[in-house]
Amino acid sequence: KAGVTQTPRYLIKTRGQQVTLSCSPISGHRSVSWYQQTPGQGLQFLFEYFSETQRNKGNFPGRFSGRQFSNSRSEMNVSTLELGDSALYLCASSLVQASLGQVFGPGTRLTVL
Amino acid sequence: GQNIDQPTEMTATEGAIVQINCTYQTSGFNGLFWYQQHAGEAPTFLSYNVLDGLEEKGRFSSFLSRSKGYSYLLLKELQMKDSASYLCAVRDETDKLIFGTGTRLQVFP
């Protein structure tokens, strides 16, 4: 079966702009988690969605938001971009429990200029 | 607070054995994961420990001591393709995964 897909794979934005990233989970997976990966901080949990509801949230400012659709596809949005938002954004899907059996997508590389 | 420590970089020779350590202090503990991440690729699952002891899976083994807040990943018969980052992550009481910053392993011929 197809893996987790993320679009776009690469994105360049300027400070102050907003961006929307998309994640399509593995078919049948209902939980989608988002992570930010930077060289200095490693992988940091942003939030998790299950059945269109945010089930868990990390320690990121309100500029970072997300949603999940009825087909389990998820989007995350970052408003008022800052230089420090440059990172690899990874989404991961799993059947029910977020951390168990989690499969990661290839990520979206966001560069903020 | 949540804290997971692992060495930043390690080097080893093809055919050798390497042990990557991970120590953690988290609010609650519901298991520890190891992931492998090749440069430019997604992390892939290697192992999951929830009870103390050693879990062996082919050339890779993972050990956990909950009382010491300690785990290690053991890689035997190293191959060039094992050059990657190895991420230690703890599942906390809210089911969040807390990751360490990763250990970059370089295998030399």
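Parameters and conventions
- Residues numbered from 1 in each chain as written.
- Chains lettered and ligands numbered in written order.
- Predicted model: local features only at pLDDT ≥ 70, side-chain atom pairs only at ≥ 80, totals over all residues.
- Heavy atoms only, no water.
- Contact = heavy atoms within 4.5 Å.
- Buried area = accessible area lost by both parts, 1.4 Å probe.
- Salt bridge = Lys/Arg side-chain N within 4 Å of Asp/Glu carboxyl O.
- Polar contact = N/O pair within 3.5 Å; in protein donor to acceptor, adjacent residues only side chain to side chain.
- Helix = DSSP H or I, 4+ residues; strand = E, 2+ residues; numbered from the N terminus.
- Nonpolar A, V, L, I, M, F, W, Y, C, P; charged D, E, K, R; others polar.
- Buried < 20%, exposed > 50% of the residue type's maximum accessible area, 1.4 Å probe, protein only.
- Disulfide = S-S within 2.5 Å.
- pLDDT = per-residue confidence, 0-100.

(A) View of the interface of chain A and chain B. At the junction of the two partners, chain A supplies 19 residues and chain B supplies 15 residues. Between chain A and chain B, roughly 1,400 Å² of surface is buried when both sides are summed, and carbon and sulfur atoms account for 53% of that area. Contact with chain B buries surface across chain A, with Leu43, Ser99 and Phe104 of chain A losing the most and accounting together for 35% of the total. Joining chain A to chain B, the criterion identifies zero salt bridges. Taken together, the links from chain A to chain B amount to two residue pairs in polar contact (both at pLDDT 80 or more). At the level of elements, β4 (31-38), β5 (42-50), β6 (53-57) and β9 (87-94) of chain A are the ones that each hand at least two residues to the side of chain A that touches chain B. Examining the composition of the side of chain A that touches chain B, we find that three residues originate from one element, β5 of chain A, more than from any other. Residue composition of the side of chain A that touches chain B, by class: nine nonpolar, nine polar and one charged.

(B) Focus on the pattern of salt bridges. One pass over the full model with this rule turns up 10 salt bridges over all chains. For glutamate 75 of chain A, the salt bridge goes to arginine 73 of chain A, with nearest N and O atoms at 3.3 Å. Given a relative accessible area of 16%, glutamate 75 of chain A falls into the buried group. Here glutamate 9 of chain B and arginine 104 of chain B are joined by a salt bridge, their closest N and O atoms 3.6 Å apart. Of this pair, glutamate 9 of chain B sits in strand β2 (residues 9-13) while arginine 104 of chain B sits in strand β11 (residues 103-108), and the two are 95 residues apart along the sequence.

(C) Focus on the state of the cysteines. Residues and elements named next belong to chain A. One pass over the full model with this rule turns up two disulfides over all chains. The side chain of cysteine 23 participates in a disulfide bridge whose partner is cysteine 91; the two sulfur atoms lie 1.8 Å from each other. Sign of the S-S torsion, about 60° for the bond between cysteine 23 and cysteine 91, identifies this disulfide as right-handed. Of the two residues, cysteine 23 is situated in strand β3 (residues 19-24) and cysteine 91 in strand β9; the sequence distance between them amounts to 68 residues.

(D) A look at the environment of glycine 40 of chain B. Residue and element names in this part refer to chain B. Topologically, glycine 40 is positioned in the loop between β4 (32-37) and β5 (44-49). Residue glycine 40 is classed as exposed on the basis of its relative accessible area, which comes to 71%. Here the alpha-carbon distance between glycine 40 and glycine 53, two residues 13 residues apart in the chain, equals 32 Å.

(E) Spatial organisation of the confidence of the model for chain B. Counting all residues, the mean pLDDT for chain B is 94, and 99% of those residues have values of 70 or more. Within chain B, the lowest mean pLDDT, 92, falls on strand β10 (residues 97-99) of chain B, and the highest, 98, falls on strand β8 (residues 70-75) of chain B.

(F) Spatial organisation of the environment of glutamine 25 of chain B. Of note, glutamine 25 of chain B is situated in strand β3 (residues 18-25). Given a relative accessible area of 56%, glutamine 25 of chain B falls into the exposed group.

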